[in-house]
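# Observations on the model geometry
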Amino acid sequence: QVQLVESGGGLVQAGGSLRLSCLASGIIFSINSMGWYRQAPGKQRELVAITSGSSANYADSVKGRFTVSRDNAKDTMYLQMNSLRSEDTAVYYCNAAVVGPGFVEINYWGQGTQVTVSS
C-alpha cells in the first residue's frame, strides 16, 4: 500500500509563513497528480492547489500567496504558504493519484496537519 504523511503545520501569526510537506511511501511506479486540500470546522473540504505534469492550479483565495512544488526524486510535495491570514486556518490534507504494481490509478489521502493562524 501507499502512505502519505504531511508535516509542517503549526501555529503562526497573521502575515507569517509556513511550509507544508507531503511524503509518499510504498511501491510507487508513478504519481499522476498531487494536491493540497483543506477543511475548516463546519465547512466543506476544498481544493487549495494541485499539480499534474507541468501544470499547477490554485484556489483564488490563495493565488499569489501559496506555491506548490514537487520533488519527484523524493516523492515529496511542498506547499509554501506566505502572508497567512486567519481564514487560512484549517486542517490541510495531501492527496495523490498513484499508479502501483497493478497499473491502476488509486487516490490516497494523508492524515492531515493542522494550520492555525492567529491575529
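Coordinates for the structure precede this section.
Here is a short report on the structure shown in this document. (Residues numbered from 1 in each chain as written. Predicted model: local features only at pLDDT ≥ 70, side-chain atom pairs only at ≥ 80, totals over all residues. Heavy atoms only, no water.)

## Focus: the overall build of the protein chain
- Check the secondary structure of the protein chain and you find zero helices and eleven strands.
- Counting helices and strands in the order they occur from the N terminus, the protein chain gives β-β-β-β-β-β-β-β-β-β-β.
- Taken over the C-alpha trace, the protein chain has a radius of gyration of 14 Å; the compact-globule value for 119 residues is 14 Å, and the two agree within 12%.
- Per-residue burial for the protein chain yields a buried fraction of 41% across its 119 residues.
- Counting only carbon and sulfur atoms, one obtains 49% of the accessible surface of the protein chain, whose full area is about 6300 Å².
- Distance between charge centres in the protein chain, computed from 9 positive and 8 negative side chains, equals 4 Å. (Helix = DSSP H or I, 4+ residues; strand = E, 2+ residues; numbered from the N terminus. Rg over C-alpha atoms; globule rule 2.2 N^0.38 Å. Buried < 20%, exposed > 50% of the residue type's maximum accessible area, 1.4 Å probe, protein only. Areas by Shrake-Rupley, 256 points an atom, 1.4 Å probe, with all protein chains shown as cover. Lys, Arg positive; Asp, Glu negative; His and termini not counted. Charge placed at Lys NZ, Arg CZ, Asp CG, Glu CD.)

## Considerations on the state of the cysteines
- Under the counting rule described, the total for this entry stands at one disulfide.
- Covalent S-S linkage joins C22 and C94, the inter-sulfur distance amounting to 2.0 Å. Since a negative S-S torsion denotes a left-handed disulfide, the C22-C94 link at about -75° is left-handed. One end of the pair, C22, is in strand β3 (residues 18-25); the other, C94, is in strand β9 (residues 90-99), and 72 residues separate them in sequence.
- Since its relative accessible area comes to 0%, C22 is described here as buried.
- C94 sits in the buried class, given a relative accessible area of 0%. (Disulfide = S-S within 2.5 Å.)

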